[in-house]
There are 2 protein chains.
Amino acid sequence: MNQLTIIKVGGKVVETPESLDNLLRQFAQIIGHKVLVHGGGRTATQLATRLGIESNLVNGRRITDAEMLKVVTMVYGGLVNKTIVAKLQALGLNALGLTGADLNYMRSEKRPVAEVDYGFVGDVKEVQSDILANLIGQGVVPILAPLTHDKKGNLLNTNADTIAGEAAKAMAKRFDVTLIYCFEKKGVLSDENDDESVIPELSYETFKAYVSDGVIQGGMIPKLENAFEAIQAGVKEVIITRADAIFGGGGTRVR
Amino acid sequence: MNQLTIIKVGGKVVETPESLDNLLRQFAQIIGHKVLVHGGGRTATQLATRLGIESNLVNGRRITDAEMLKVVTMVYGGLVNKTIVAKLQALGLNALGLTGADLNYMRSEKRPVAEVDYGFVGDVKEVQSDILANLIGQGVVPILAPLTHDKKGNLLNTNADTIAGEAAKAMAKRFDVTLIYCFEKKGVLSDENDDESVIPELSYETFKAYVSDGVIQGGMIPKLENAFEAIQAGVKEVIITRADAIFGGGGTRVR
């Protein structure tokens with residue numbers, strides 16, 4: 001099967017022009033098919049602040065009311081996505097920016113209200129793997145914004161890690177998929193005070209042990225759960241690392 | 001040849017939820033292939049004002065500085081485009097939002113500085129007609145935002161009438177193209193004080209005569225010049241009318 005590399009980069013990397021340009025130059029050099037999934041939360045928060053819209057976070061997750069949905073649609077679907085697409089075209093990649101609504105490639109449903117009403121936030125229900133695979137097969141490089149839709153006319157805010165994980169799972173039957181989650185550390189750390197204490201490989205059993213010991217905590221837990229779900233669905237490997245270390249062979253490998 | 005209808009709708013129509021929903025319902029009922037080109041200038045101006053960014057207009061055209069380019073990228077490429085895509089998907093159309101950078105379908109060059117420096121504004125240089133025609137042939141409905149790129153990494157603000165005209169000309173060899181420009185009047189008027197004085201048909205000669213008599217003036221002149229250029233390039237007909245009258249058979253026909 002052909003190789004497919006799916007890279008998810010968070011806000012900080014894509015929101016600084018220099019680090020974005022570095023990332024995109026590296027990304028352009030990856031051999032084989034590729035997909036880029038981006039965040040943009042910091043820019044969304046800044047724009048909301050400038051517009052006098054309050055950013056409400058519960059357990060580190062954004063509450064997306066109607067006004068905030070407009071902000072993230074502008075920032076994720078417009079500013080961040082199209083800036084990346086234009087820059088990659090200049091590097092010779094045939095980039096195409098997509099939200100889940102475009103070609104209906106990723107459908108979600110509004111998260112049910114339980115303890116918290118997250119507002120216009122979508123839980124992914126369906127990925128049209130034919131559509132994504134055909135584009136990739138034609139040499140197109142999809143640039144995925146963290147927005148989905150409910151096929152009832154509504155856009156929904158969706159976590160970029162989730163988008164990357166769902167895309168990777170959907171492509172696992174057609175490609176040898178490597179999924180790379182970039183964040184601010186070199187990998188998953190065994191000692192949060194030592195940036196060099198990267199855990200090189202992680203099985204589900206050791207992950208569970210690290211969680212119960214409190215070594216792995218916070219936002220890293222859902223990120224790794226996404227990673228193990230992807231492996232179970234047939235993704236070849238998931239690597240968690242820093243954007244500038246994608247090519248160093250470092251980071252934490254989840255198998 | 002297959003029919004292709006390209007409709008360009010301006011800001012007012014797409015920026016009011018009710019009129020947008022009406023338009024999209026009508027658009028969904030058009031038989032055959034179709035493309036929608038949208039504006040969004042009013043929303044861009046409103047957002048710029050809320051952000052304390054001044055909107056500079058010279059001869060009715062916007063000066064696009066770096067800050068304003070971000071605003072139009074957010075509004076045209078994100079908010080307006082993706083809202084339309086999500087709504088059309090709910091109506092069963094396989095919509096795909098595009099800027100000129102996406103798939104590199106429309107390349108432009110920054111307008112040279114003559115008397116006025118319009119800033120980040122692009123004059124269209126190349127339409128990849130294969131890309132657009134293949135999408136349309138596959139049943140995709142392209143939703144075109146008024147943004148192009150220079151293939152050097154920069155997005156450029158481009159008049160939506162121009163985008164529609166260039167797309168129509170590029171498709172004229174492969175489809176029987178009808179290009180419909182929607183604006184706030186029922187058609188081109190022979191008496192600006194009488195909204196019913198629609199000129200039903202306009203040749204290039206009568207157009208020139210109306211211009212020299214001062215009957216046709218202002219922003220209607222470049223719109224009609226675009227229309228005649230499209231006809232010369234093989235577009236079957238160009239209709240200028242009001243959004244709610246697309247199906248009435250009225251408006252001004254340019255042949």
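Above this text sits the structure in question.
Residues numbered from 1 in each chain as written. Chains lettered and ligands numbered in written order. Predicted model: local features only at pLDDT ≥ 70, side-chain atom pairs only at ≥ 80, totals over all residues. Heavy atoms only, no water.

*Asks:* Honestly, the overall build of chain A in this entry has me stumped. Any pointers?
*Replies:* When helices and strands are counted, chain A shows 8 helices and 14 strands. A compact globule built from 255 residues would reach a C-alpha radius of gyration of about 18 Å, and chain A, at 17 Å, matches this within 12%. Overall, chain A is about 45 × 40 × 35 Å in size when its C-alpha atoms are taken along their principal axes. In chain A, which comprises 255 residues, the proportion classed as buried is 54%. In chain A, the share of contacts with a sequence separation of at least 24, taken over all contacts with a separation of at least 6, comes to 69%. Taken as a whole, chain A presents about 10,700 Å² of accessible surface, with 47% of it coming from carbon and sulfur. (Helix = DSSP H or I, 4+ residues; strand = E, 2+ residues; numbered from the N terminus. Rg over C-alpha atoms; globule rule 2.2 N^0.38 Å. Buried < 20%, exposed > 50% of the residue type's maximum accessible area, 1.4 Å probe, protein only. Contact = heavy atoms within 4.5 Å. Areas by Shrake-Rupley, 256 points an atom, 1.4 Å probe, with all protein chains shown as cover.)

*Asks:* Got a minute to help me understand the nonpolar core in this structure?
*Replies:* One recurring pattern in soluble globular proteins is that nonpolar side chains are buried together. Counting 90 residues, the largest nonpolar core has Leu224 of chain A together with Leu224 of chain B as the members making the most contacts within it. With near-sequence residues (within four places) excluded, Leu224 of chain B lies in contact with Val188, Leu202, Phe207, Ile216, Ile240 and Val254 of chain B. Within the second largest apolar cluster, 82 residues are counted, among which are Leu69 and Leu147 of chain A together with Leu69 and Ile246 of chain B. (Core = buried A, V, L, I, M, F, W, Y, C linked by side-chain atoms within 4.5 Å.)

*Asks:* Can you help me understand the packing of helix α4 (residues 66-90) of chain A against helix α4 (residues 66-90) of chain B in this one?
*Replies:* Helix-helix packing is described using two parameters, namely the angle between the two axes and the distance between the axes. Viewed as axis vectors pointing N to C, α4 of chain A and α4 of chain B meet at an angle of 115°, and their least axial separation amounts to 7 Å. The handedness of the crossing between α4 of chain A and α4 of chain B is right-handed. When α4 of chain A is examined against α4 of chain B, the residues Lys70, Thr73, Met74, Val75, Gly77, Gly78, Leu79 and Lys82 of chain A are found in contact with a partner set consisting of Lys70, Thr73, Met74, Val75, Gly77, Gly78, Leu79 and Lys82 of chain B. Taken together, the residues that form the contact of α4 of chain A with α4 of chain B break down as 6 nonpolar, 6 polar and 4 charged. (Axes fitted to C-alpha atoms, helices over the stretch in contact; angles between N-to-C directions. Left-handed = near helix turned anticlockwise from the far one by under 90°. Nonpolar A, V, L, I, M, F, W, Y, C, P; charged D, E, K, R; others polar.)

*Asks:* It is not clear to me how the relation of the copies chain A and chain B should be interpreted in this structure. Could you clarify?
*Replies:* Relating one copy of the chain to the other takes a rotation about an axis and a shift parallel to that axis. The operation relating chain A to chain B is a screw motion whose rotation component is 180°, with 0.0 Å of axial translation and a residual RMSD of 0.0 Å. These values place the two chain copies in the arrangement generated by a two-fold rotation axis. Residue Gly78 of chain A, judged by its C-alpha, is the member of chain A lying nearest the rotation axis, at 1.8 Å. Comparing interface residues between copies, 100% of those in chain A also sit at the interface in chain B, which points to an isologous, same-surface contact. (Least-squares fit on C-alpha atoms with pLDDT ≥ 70 in both.)

*Asks:* Would you mind showing me how to read the side chain of Lys223 of chain A here?
*Replies:* Residue and element names in this part refer to chain A. Structurally, Lys223 can be placed in helix α8 (residues 220-232). Within polar-contact distance, the side chain of Lys223 engages the side chain of Asp161 at 3.1 Å. If we skip the residues at most four places from it in the chain, Lys223 touches Lys8, Asp161, Tyr181 and Phe183. (Polar contact = N/O pair within 3.5 Å; in protein donor to acceptor, adjacent residues only side chain to side chain.)

*Asks:* What am I meant to see in the sheet that holds strand β2 (residues 33-38) of chain A here?
*Replies:* In any sheet, the strands associate via hydrogen bonds between backbone groups, in a parallel or an antiparallel arrangement. Residue and element names in this part refer to chain A. Strand order in this open sheet of 8 strands is β5-β8-β2-β1-β11-β13-β14-β12, and the pairing throughout is mixed. Edge positions in the sheet fall to β5 (95-98) and β12 (201-202), since each has one partner strand and no second. Examined bridge by bridge, strand β1 (residues 2-9) and strand β11 (residues 175-183) share 8 bridges and lie parallel to one another. Opposite Leu4, over in β11, you have Val177 as the bridge partner. Strands β2, β5 and β8 (141-144) of the sheet are contacted by α4, whose axis makes an angle of about 170° with β5. (Pairing = 2+ DSSP bridges.)

*Asks:* Is there a simple way to think about the sheet that holds strand β5 (residues 95-98) of chain B in this case?
*Replies:* Residues and elements named next belong to chain B. The strand order β5-β8-β2-β1-β11-β13-β14-β12 describes an open sheet built from 8 strands, whose pairing is mixed. The open sheet terminates on both sides in strands that have one partner only, identified here as β5 and β12 (201-202). Note that strand β2 (residues 33-38) and strand β8 (residues 141-144) share 2 bridges and pair parallel. Bridge pairing in β8 links Val37 to Leu144. Strands β1 (2-9), β2, β8 and β11 (175-183) of the sheet are contacted by helix α6 (residues 160-171), whose axis makes an angle of about 170° with β11.

*Asks:* Can you help me understand the interface of chain A and chain B in this one?
*Replies:* As a measure of interface size, the accessible area lost when the parts come together is often cited. In this assembly, 37 residues from chain A lie in contact with 37 residues from chain B. Together, the buried faces of chain A and chain B total about 2,800 Å²; carbon and sulfur atoms form 66% of this surface. Considering only the side of chain A, the residues that lose the most area to chain B are Met74, Lys82 and Leu103 of chain A, jointly responsible for 20% of the buried surface there. At the junction of chain A and chain B, the tally comes to 2 salt bridges. The partner of Lys82 of chain A in a salt bridge is Asp102 of chain B, with the nearest N and O atoms 2.9 Å apart. Secondary-structure elements contributing two or more residues to the side of chain A that touches chain B are α3 (41-50), α4 and β5 of chain A. (Buried area = accessible area lost by both parts, 1.4 Å probe. Salt bridge = Lys/Arg side-chain N within 4 Å of Asp/Glu carboxyl O.)

*Asks:* Before we go on, may I ask you to explain the packing of aromatic side chains in this structure?
*Replies:* Aromatic ring pairs are reported here in terms of the distance separating the ring centres and the angle at which the planes meet. The full count for this structure, using the stated rule, is 6 aromatic pairs over all chains. For the ring pair Tyr204 of chain A and Phe207 of chain A, a centre distance of 5.9 Å and an interplane angle of 45° mean the geometry is tilted. Separated by 3 residues within a single helix, Tyr204 of chain A and Phe207 of chain A lie in helix α7 (residues 204-212), roughly one turn from each other. Classification of Phe207 of chain A by relative accessible area gives buried; the value is 0%. Between Phe207 of chain B and Phe228 of chain B, the aromatic rings sit 5.1 Å apart at their centres with planes inclined by 35°, giving tilted as the arrangement. Within this pair, whereas Phe207 of chain B is found in helix α7 (residues 204-213), its partner Phe228 of chain B is found in helix α8 (residues 220-232), the two being separated by 21 residues in sequence. Accessibility expressed as a relative area gives 6% for Phe228 of chain B, which makes it buried. (Phe/Tyr/Trp six-rings, centres within 6.5 Å; stacked < 30°, edge-to-face > 60°.)

*Asks:* Before we go on, may I ask you to explain the pattern of salt bridges in this structure?
*Replies:* Any two side chains of opposite charge can pair if their charged atoms end up close together. Residues and elements named next belong to chain A. Following the criterion strictly, the structure yields 36 salt bridges over all chains and no others. Between Arg253 and Glu237 there is a salt bridge; the shortest N-O distance is 3.1 Å. Of this pair, Arg253 sits in strand β14 (residues 252-254) while Glu237 sits in strand β13 (residues 237-242), and the two are 16 residues apart along the sequence. One continuous salt-bridge network, built from bridges that share partners, spans Glu201, Glu237, Arg253 and Arg255.

*Asks:* Would you mind showing me how to read unusual backbone geometry here?
*Replies:* Leaving glycine aside, a negative phi is the common case for residues, and trans is the common case for peptide bonds. Positive phi, normally seen in glycine, also occurs at Lys151 of chain A, with a value near 60°. Along the chain, Lys151 of chain A falls in the loop between β9 (147-149) and β10 (155-157). With phi around 55°, Asn104 of chain B is a residue other than glycine that occupies positive phi space. On the secondary structure map, Asn104 of chain B appears in the loop between β5 and β6 (106-110). Classification of Asn104 of chain B as buried rests on a relative accessible area of 10%.

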